Amino acid sequence: MGVLFAWGTGMDDEALMREALDEARLAFAEGEVPIGSVVVKDGRIIGRGRNRKEALCDPTAHAEVLALRQAAQSTNSWRLLETTLYTTAEPCLMCLGAALQARVSRIVFGCREPKFGAVSHLIENGHLRDANHCLTVKDGVLEQQCAQLLQDFFAKRRTEVSTAAK
């Protein structure tokens, strides 16, 4: 944490999504669904998270929630005003709700999540509709890399289940 990223280079979102991908790769190595997140304020990462549901036996231990918790602790405030949440997959309803409650200004995500993703259902023209908090969204950042990591994880899991069944 604390690495300063230079804004205005045109590569900011990609560089920060790579940080989220690093978290996702750690989750993969730990046997967790490989989703990673970082929270950024003023060009600095103030929170990191990766899925830890299995390790923590906690259904709320999603990457986004853990990154938001760490960011709140590092700023000593639950209000994460003027922050961006980067996450490798489209946030679910719980994680979107947590970002809204934290007053995150922007969400940037990699790949869509057709089963549990909530953002695409609630966003119009890059903005959340019917909310009392202004939240903008950008999707598709390093989409292929984010999607590939998830595909590789589930292919590996299917192979392990298939091998164990024999």
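Refer to the preceding data block for the structure.
Every value quoted in this text rests on a predicted model; they were computed, and no experiment measured them.

Enquirer: Now, about helix 3 (residues 63-75): what can you tell me, with residues and values included?
Expert: Along an α-helix, a turn takes 3.6 residues, which lines up residues three or four apart on a common side. With 13 residues, helix 3 ought to run about 18 Å at 1.5 Å a step, and its terminal C-alpha atoms sit 18 Å apart, in line with that. Considered for burial, the residues of helix 3 that qualify are Ala 63, Glu 64, Val 65, Leu 66, Ala 67, Leu 68, Ala 71 and Ala 72. Where helix 3 is buried, its residues contact strand 1 (36-41), strand 2 (44-50), strand 3 (83-89) and helix 4 (93-101). Where helix 3 terminates, the next one or two residues include Asn 76, which has phi positive at roughly 60°.

Enquirer: How would you explain the nonpolar core if you had to name every residue and give the values?
Expert: Core analysis: the biggest nonpolar cluster contains 20 residues, and Met 17, Val 40, Tyr 86 and Cys 111 have the highest contact counts within it. Among the elements of the structure, helix 1 (12-29), strand 1, strand 3, strand 4 (106-111) and helix 6 (143-165) are those that each provide at least two residues to this core. Core analysis: the second largest hydrophobic core is formed by 18 residues, Leu 68, Leu 80, Ala 102 and Ala 118 among them.

Enquirer: Tell me about the pattern of salt bridges, and please be specific about residues and values.
Expert: Enumeration over the complete set of coordinates arrives at eleven salt bridges. Ionic contacts of the salt-bridge type, sharing partners, join the residues Glu 19, Glu 23, Glu 30, Arg 48, Arg 50 and Arg 52 into one network.

Criteria and thresholds
Residues numbered from 1 in each chain as written. Predicted model: local features only at pLDDT ≥ 70, side-chain atom pairs only at ≥ 80, totals over all residues. Heavy atoms only, no water. Helix = DSSP H or I, 4+ residues; strand = E, 2+ residues; numbered from the N terminus. Expected span 1.5 Å × (residues − 1). Buried < 20%, exposed > 50% of the residue type's maximum accessible area, 1.4 Å probe, protein only. Contact = heavy atoms within 4.5 Å. Core = buried A, V, L, I, M, F, W, Y, C linked by side-chain atoms within 4.5 Å. Salt bridge = Lys/Arg side-chain N within 4 Å of Asp/Glu carboxyl O.

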